[in-house]
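Listed below are the residues making up each chain.
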Amino acid sequence: MQMKTILTEWRKFVNERVKPGEFYPKKFDDFLNLVKEHEDSIWIFFDTETTGLKHKERHVQVTQIGCSAYRMNGVTEGVEPKLIKAFNIKIKLSPETLEKMELEKTVPPEEGDPIEKILNMNRYFDHEGEFSEMQNALEKFSEFLDSIPQPRVIIAQNAPFDVRIINTAYERLGMKISDDELWDTKALLDLHFIPIMKLIQQDEQASEEDKNIIAGINIKNPKGENYYLSTKLGIVTKALGLDEEGWHDALADTQMTAKMFFAVINLVKDRQQKYKVDLSTVKPFGQRR
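Residues numbered from 1 in each chain as written. Predicted model: local features only at pLDDT ≥ 70, side-chain atom pairs only at ≥ 80, totals over all residues. Heavy atoms only, no water.

Asker: Which residues make up the pattern of salt bridges, and what values go with them?
Answerer: Side-chain pairing between opposite charges can occur once the charged atoms of the two side chains come close. Per the stated rule, a full pass over the model turns up 13 salt bridges. A salt bridge links Lys117 to Asp113; the shortest N-O distance between them is 3.6 Å. Of the residues examined, Asp113 reaches a relative accessible area of 39% and is grouped as partly exposed. Here Arg271 ties to Asp210 by a salt bridge, and the two come within 2.7 Å at their closest N and O atoms. With Arg271 in helix α10 (residues 250–271) and Asp210 in helix α8 (residues 208–217), this pair connects stretches of sequence that are 61 residues apart. For the pair shown, Arg271 and Asp210 are each scored as buried. Connected through salt bridges with shared partners, the residues Glu209, Asp210, Asp270 and Arg271 form a single ionic network. (Salt bridge = Lys/Arg side-chain N within 4 Å of Asp/Glu carboxyl O. Buried < 20%, exposed > 50% of the residue type's maximum accessible area, 1.4 Å probe, protein only. Helix = DSSP H or I, 4+ residues; strand = E, 2+ residues; numbered from the N terminus.)

Asker: Which residues make up the sheet that holds strand β3 (residues 82–90), and what values go with them?
Answerer: In spatial order, the strands read β3-β2-β1-β4-β5; together these 5 strands make up an open sheet with mixed pairing. Of all the strands in the sheet, the pair left with one neighbour each is β3 and β5 (182–184). Adjacent strand axes in the sheet meet at a mean angle of 25°, parallel and antiparallel pairs treated alike. Inspection of the sheet shows strand β2 (residues 62–71) paired to β3 by 8 bridges, in the antiparallel sense. Paired with Gly66 across the strands is Asn88, a residue of β3. On top of the sheet, helix α5 (residues 134–147) reaches β1 (42–50), β2, β3 and β4 (152–156); it is set at about 165° to β3, its chief contact. Across the sheet, α10 is in contact with β1, β2, β3 and β4; its angle to β2 comes to roughly 35°. (Pairing = 2+ DSSP bridges. Axes fitted to C-alpha atoms, helices over the stretch in contact; angles between N-to-C directions. Contact = heavy atoms within 4.5 Å.)

Asker: Account for unusual backbone geometry, naming residues and giving values.
Answerer: Note that the residue after Gln150, namely Pro151, is joined by a cis bond; omega there is 0°. Despite not being glycine, Arg123 has its phi angle at roughly 60°, a positive value. With a phi angle near 65°, Asn158 is a residue other than glycine that sits in the positive phi range. Position of Asn158 relative to the elements: it lies in the loop between β4 and α6 (159–172).

Asker: Break down the nonpolar core for me, with residues and values.
Answerer: Nonpolar side chains tend to gather and get buried jointly when the protein is soluble and globular. Counting residues in each nonpolar core, the largest one holds 46 residues, and the members touching the most others are Trp43, Phe193, Met197, Ile217, Leu240 and Phe261. Listed by contribution, the elements that provide at least two residues to this core are α2 (28–37), β1, β4, α7 (186–201), α8, α9 (233–239) and α10. Considering each element in turn, this core owes the most residues, 10 residues, to α10. Every residue in contact with Trp43, bar those within four places of it in the chain, is listed here: Val35, His38, Ser68, Ala69, Tyr70, Met72, Val153, Ile155, Trp183 and Phe261. Core analysis: the next-biggest nonpolar cluster, separate from the first, contains 30 residues, Phe46, Phe87, Phe144 and Tyr170 among them. (Core = buried A, V, L, I, M, F, W, Y, C linked by side-chain atoms within 4.5 Å.)

Asker: Break down empty space enclosed by the protein for me, citing the residues and quoting the values.
Answerer: Counted under the stated rule, the structure contains 1 cavity of 30 Å³ or more. Counted as a void, the largest cavity has a volume near 160 Å³. Breaking the lining of the largest cavity down by element, the ones donating at least two residues are α1 (3–17), α5 and α6. The dominant element in the lining of the largest cavity, judged by the number of residues it contributes, is α6, at 4 residues. By residue class, the composition of the lining of the largest cavity is 11 nonpolar, 2 polar and 2 charged. (1 Å grid on protein atoms, 1.4 Å probe; cavity = no way out; pocket = protein on both sides within 12 Å on 5 of 7 lines; lining within 4 Å. Points joined across faces, edges and corners; volume = space filled by probe spheres on them. Nonpolar A, V, L, I, M, F, W, Y, C, P; charged D, E, K, R; others polar.)

Asker: Summarise α5; cite the residues concerned and give the values.
Answerer: The end-to-end C-alpha separation of α5 is 20 Å, in line with the 20 Å expected for 14 residues at 1.5 Å each. Turning to α5, its buried residues number three or more, namely Met134, Ala137, Leu138, Phe141, Phe144 and Leu145. The buried residues of α5 occupy one face: seen down the axis, they fall within an arc of 115°. Away from the buried face of α5 by more than 90 degrees, exposed residues Glu143 and Asp146 are located. (Expected span 1.5 Å × (residues − 1). Arc of directions from axis to C-beta.)

Read these as layout, nothing more, since geometry by itself doesn't imply function.
This is the structure:
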C-alpha cells in the first residue's frame, strides 16, 4: 500500500473512531438515556502517557497505556461502577526520544516542557517492573481489548488525543488498528457539568459544597488575567473530593476518570431541577476545541 493511501486511511480512522459531537445529547436526561442504553456493556476507561503533545513528531511516543474495565449496570440510578479488569504497561523510550532528550540538555525546547520533566511528572522512572518494546506493548493492548467481549464501550478523557497518539504508534509499526470507537468523558463535563457550574457561580445563595467545587475548578488562564472553569481531570476530581494523587499515571487516570464520570452524573442529576440550563446557549460538543 502506498504511503499516501496509508496516511489517508489513518487520518480517516482518527476522525471516525472518536464519537462525533452530535452523538452526545445537549439535554441531560437524553444523555442519561444514552448511558442507560449501554449499561449492559463493559466500559473500558482508557488513557495514555506520552513524551509530548505533537503526535506526528518522531520523538513524541506513548510511554504508558492504561485501561480499567468496569461493569456499569445501574450507574444512572446511583450504583457505583464495578472494576472487573485492568491493563497497565510501560514502554521503552525510542532512539528518537533518547536523542531528543540528550539534545534538550543543551538546547531547551522553544515551547512546552522538556521530555525529562514530562517523564518525571508521569512517574515514568518510578516504575519498578519491566519496560516493554513498543510493538509488544501494542500487541498486548490489542489482546486486552479483544479479551473484553462485545458489547463494550471504550471511553477516555479528551479522547481525540489518545486516539491520535495510539494510532500513530500502530501506524509507525504497520500494525492493525482496533475498529473500536471511543466516547469522550469531556462531553459530560462540557455539555452538562460546566453549564450548571456557571449558574451556581452566579448564585449568591449557593451551598458551601457547591461554592467549594467552583473554587476548585475556577482556574486562572496562564495567557491572561481572566479565569475559566476547568475540565482537566485532576482539577475536577480534586474539586469533587475524589482521590487525585495518581494524576498523570495512565492506569490511575483511568480509574479517576470512572469515579469522576459517576460523580458528575450524580451531581448534575441532583442540581438540574434547581439550576435550569438554557440549552440554546450550549454549543454542540466539540465546537470549543
